[in-house]
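Here are the chains, one letter per residue:
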Amino acid sequence: MLLKRLIVCLDVRNKKVTKGVRFRDNIDLGDPVEMAKNYSLSGADELVFYDITASAENRPIDLEMVRRAAENIFIPFTVGGGIRSVEDMRAALLAGADKVSLNSLAVRRPEVLAEGARAFGRQCVVLGMDVRKNPDFPSQYQVVTCGGRHPENLDALEWARQAVELGAGEICLNAIDTDGVCAGYEMTITRLIAQNVSVPVIASGGAGEVSHLADVLTTGKASAALVASMVHTNRFTCAEIKVQLAACGIPVRMA
Amino acid sequence: MIAILDYGAGNLTSVQLALSHLGADAFLAADATSAANADRIVFPGVGSAASGMAGVKARHFDRLLADAFEAGKPVLCVCLGMQMLLDSSEEDGFVASLGVIPGVVRKFSFADPEVKVPHMGWNTVEHDAKHPLWRGIPSGTAFYFVHSYFADASNASDVVGSTEYAGKQFASVLAKRNFFATQFHPERSGVFGMKLLKNFLDWEVSSCC
């Protein structure tokens, strides 16, 4: 039976993992590769590294970190931030990443999803999308870019469908209103998108309790749940989350 | 020395890093000549059947693998590398493949629109037969999969592991003499994936089977 995935997200700034609330007030937590290694051994199924300042500083993703991660981590990992072209994707994949997450770039230039899928296969192409509630849009959610700073005239569900058509092999759906707040995932939009696209949806933004993960993996129809604060603050280990999910009847991998 | 066959399809970094992490001397072989003297062969793969087979033939890896089969040299095939062992694939229309293991590669097809294809993520593998590469790995262990096509092997005796996805059982591990083939990616499958790779490095193929 296909298992539900627990994904740990590491936002990296100045070579350190950082964590903010609603994309602000970040604090530094530690070395990304060391942290990632520990998470992979304690039961994380997958990891995501976001180089969160690469875009703003107009520099490519930190390939040395990607390489170091690949030498030390033997579970799948995605990288994002600072990807400007198919050539940048290629460099990240050759450095050892399994998937590349495209966010603002894909909104600005949707063809990059198709180009990436053609060059590397759609399994390597993750659409990262940040959404915010806005009743003016058909799905009630609007796409925002540039780390939450830039609202787009783009409906969340419409964009998800279009991106999958173009070549996205997976969608990491991050709800900005709930990010870092630890009060639960944004269930409505997660379920709506998961039911209407043919690729897996990773729920992101808002996990604080294991019940939040359990809800989004069942009612929310997500294939995977992404966590950051929950494990970075040592409130939970990945193993503890897995044990509790299993107790809720959710099929997960025990490390 | 371990030759990782580089036939131009997909990214081989993670396979090489995983083998190196285990202390193996693993190198990327760009043609059959450079792979000929290796003690063991890894036939990896991400990509499509047509471009994969074209790359394999252009580099004469078809001959190399046939020779390795005859010589009893241990060969580990992963994902597309596994699928290319069968007679043919339905991907890209019809692609004649290596024919080491009888069977056909078919596309996943589900009536339920909520079932995602590709089959992506961790799934469990049940052992159908004993094998030296299963040492220390319990039946039911989860491994990491990413694929839209699956191996429909003709002979049950070639199937040593199977997996269920959305109600469909498929052969996730095939083995024949000195060949061992996994649909999942051991190099991305954490501790048990690494254990399987270690078992491959330690595998002494006996003449009896």
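It should be noted that the structure appears before, not after, this text.
Just so we're clear, the structure is a prediction, and the values are computed from it rather than from any experiment.

So, how was this worked out
Residues numbered from 1 in each chain as written. Chains lettered and ligands numbered in written order. Predicted model: local features only at pLDDT ≥ 70, side-chain atom pairs only at ≥ 80, totals over all residues. Heavy atoms only, no water. Axes fitted to C-alpha atoms, helices over the stretch in contact; angles between N-to-C directions. Helix = DSSP H or I, 4+ residues; strand = E, 2+ residues; numbered from the N terminus. Parallel < 35°, antiparallel > 145°, perpendicular 65-115°, else oblique. Left-handed = near helix turned anticlockwise from the far one by under 90°. Contact = heavy atoms within 4.5 Å. Nonpolar A, V, L, I, M, F, W, Y, C, P; charged D, E, K, R; others polar. Phe/Tyr/Trp six-rings, centres within 6.5 Å; stacked < 30°, edge-to-face > 60°. Buried < 20%, exposed > 50% of the residue type's maximum accessible area, 1.4 Å probe, protein only. Core = buried A, V, L, I, M, F, W, Y, C linked by side-chain atoms within 4.5 Å.

Asks: Please clarify how the packing of helix α3 (residues 86-94) of chain A against helix α5 (residues 111-120) of chain A should be interpreted in this entry.
Replies: Helices that pack against each other are described as a pair by the angle of their axes relative to one another and the distance between those axes. Residue and element names in this part refer to chain A. Between α3 and α5, the shortest axis-to-axis distance is 10 Å and the interhelical angle comes to 40°. Judged by the angle between their axes, α3 and α5 are oblique. In terms of crossing hand, the pair formed by α3 and α5 is right-handed. Along the contact surface, α3 presents V86, M89, R90 and L93, while α5 presents V112, E115, G116, A119 and F120. Here the contact of α3 with α5 is built from residues that sort into six nonpolar, one polar and two charged.

Asks: Got a minute to help me understand the packing of aromatic side chains in this structure?
Replies: Residue and element names in this part refer to chain B. Counted under the stated rule, the structure contains 15 aromatic pairs over all chains. Here the aromatic rings of F108 and F170 are separated by 5.3 Å at their centres, their planes lie at 80°, and the arrangement is edge-to-face. Taken together, the residues span a long stretch of sequence, with F108 in the loop between β7 (103-107) and β8 (119-127) and F170 in strand β12 (residues 168-176) at a distance of 62 residues. Ring geometry for F150 versus F170: centroids 6.3 Å apart, planes at 55°, classification tilted. With a gap of 20 residues between them, F150 in strand β10 (residues 149-153) and F170 in strand β12 connect regions that are remote in the sequence.

Asks: Got a minute to help me understand α5 of chain A in this structure?
Replies: Note on helix geometry: an α-helix contains 3.6 residues per turn, so any two residues three or four positions apart are oriented the same way. Those residues of α5 of chain A not exposed but buried are V112, L113, A114, G116, A117 and F120 of chain A. Next to the buried residues of α5 of chain A lie α3, β6 (99-102), α4 (104-108), β7 (125-133) and α6 (156-166) of chain A.

Asks: For this particular structure, what's the right way to read the nonpolar core?
Replies: Looking at soluble globular proteins, one finds that nonpolar side chains tend to be buried together. Core analysis: the largest hydrophobic core is formed by 87 residues, its most contacted members being L47, F49, L102, M129, I171, I193 and L213 of chain A. At six residues, α6 of chain A tops the list of elements feeding residues into this core. In terms of nonpolar packing, the next biggest core, distinct from the first, is built from 38 residues, L5, M53, M82 and A171 of chain B among them.

Asks: Even after reading the chapter, I still don't get the packing of α6 of chain A against helix α7 (residues 187-196) of chain A, so can you show me in this structure?
Replies: All names here are of chain A. The interhelical angle for the contact between α6 and α7, taken along N-to-C directions, is 30°, at an axis separation of 10 Å. One element, α6, and the other, α7, form an angle in the roughly parallel class. Here the hand of the crossing between α6 and α7 comes out right-handed. Counting all contacts with α6, which are made through A156, L157, A160 and R161, the residues of α7 involved are I189, L192, I193 and N196. Taken together, the residues of the contact of α6 with α7 break down into six nonpolar, one polar and one charged.

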